[in-house]
Amino acid sequence: MPPPSTYDMIYAIVKHIPRGRVATYGQIANLANLGGHARQVGYALNALSANTRMPWHRVINAKGEISIRKDPQCEHRQRRLLEQEGVVFDERSRITLARFGWKPRRGPRRS
DNA sequence: TTTATGGCTGTCA
DNA sequence: ATGACAGCCATAA
C-alpha cells in the first residue's frame, strides 16, 4: 500500500483537534511533516467533502483569525461553529490562541 | 506534460 | 500594532 498522501496527513491531524480548541495552518503543517507549508493545509481542507465530519472549522490562520476564502460567508459560518464549541472571539474577530490554541502533546496541564 | 491557483507564513518598514 | 511583499509546494485542469 502506498504511503499516505499529503492530504491524508493533514486530515489526520485536523481530525485529532479536540473540540473547543483551534489550530493554525502552520501548526498542522508542522505536525503533518509538511515542513511548515501551511498552504497545502488550507487547500486540503477546502478539498474536503461538504458532508465530511472533518473539523475544518477548527483550523485558522496564524493571526488567530478565520481565513477568508472565496465566500465571505464562510467566515461567518466558521465563526459560528467555533462559538458553538465554546471558542470566544474578541472584538477583532480574533481568537486567543494562547487560550484556545490546540496544544498537541500531553500538554502542560493547565491549572 | 505544463500552467495557474490557492482558507498561509515570516520578515521588513 | 498593522500593512505590504515574496516564497514554497501540492492539487486540479
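Look up: the structure comes first, before these words.
Report on the accompanying structure. (Residues numbered from 1 in each chain as written. Chains lettered and ligands numbered in written order. Predicted model: local features only at pLDDT ≥ 70, side-chain atom pairs only at ≥ 80, totals over all residues. Heavy atoms only, no water.)

This brings us to the pattern of salt bridges. For side chains bearing opposite charge, pairing can occur when the charged atoms are close. Applying the stated criterion across every chain, the model contains two salt bridges. Ionic pairing is found between E85 and R58, a salt bridge with its closest N-O pair at 2.7 Å. Within this pair, whereas E85 is found in helix 4 (residues 72–85), its partner R58 is found in the loop between helix 3 (38–46) and strand 2 (59–60), the two being separated by 27 residues in sequence. Neither residue differs from the other here; E85 and R58 are each classed as buried. Here E83 and R79 are joined by a salt bridge, their closest N and O atoms 3.5 Å apart. Of this pair, E83 and R79 both sit in helix 4, four residues apart, which is roughly one turn of the helix. Owing to a relative accessible area of 40%, E83 belongs among the partly exposed residues under this scheme. Taking the relative accessible area as the measure of exposure, R79 reaches 27% and is therefore partly exposed. (Salt bridge = Lys/Arg side-chain N within 4 Å of Asp/Glu carboxyl O. Helix = DSSP H or I, 4+ residues; strand = E, 2+ residues; numbered from the N terminus. Buried < 20%, exposed > 50% of the residue type's maximum accessible area, 1.4 Å probe, protein only.)

Time to look at the protein's contact with DNA strand C. Close to DNA strand C lie T6, Y7, H37, R39, Q40, R92 and R94. Counting only atoms of DNA strand C within 4 Å of the protein, the fraction found in sugar and phosphate groups is 57%. With respect to DNA strand C, the side chain of R39 contributes an N or O atom lying 2.8 Å from a base nitrogen. At 2.3 Å from a base oxygen of DNA strand C is found a side-chain nitrogen or oxygen belonging to Q40. At the level of elements, helix 1 (6–15) and helix 3 are the ones that each hand at least two residues to the surface near DNA strand C. A breakdown of the residues in the surface near DNA strand C according to their chemical character gives one nonpolar, three polar and three charged. (Near = heavy atom within 4 Å. Polar contact = N/O pair within 3.5 Å; in protein donor to acceptor, adjacent residues only side chain to side chain. Nonpolar A, V, L, I, M, F, W, Y, C, P; charged D, E, K, R; others polar.)

A rise of 1.5 Å per residue sets the reference length of helix 4, with its 14 residues, at 20 Å; its end C-alpha atoms lie 21 Å apart and thus fit the reference within 8%. Looking at helix 4, one finds that the buried residues are C74, Q78, L82 and E85. Down the axis of helix 4, the buried side of the element spans an arc of 70 degrees, and every buried residue falls inside it. Pointing more than 90 degrees away from the buried face of helix 4 are the exposed residues P72, Q73, H76, R77, R80 and Q84. (Expected span 1.5 Å × (residues − 1). Arc of directions from axis to C-beta.)

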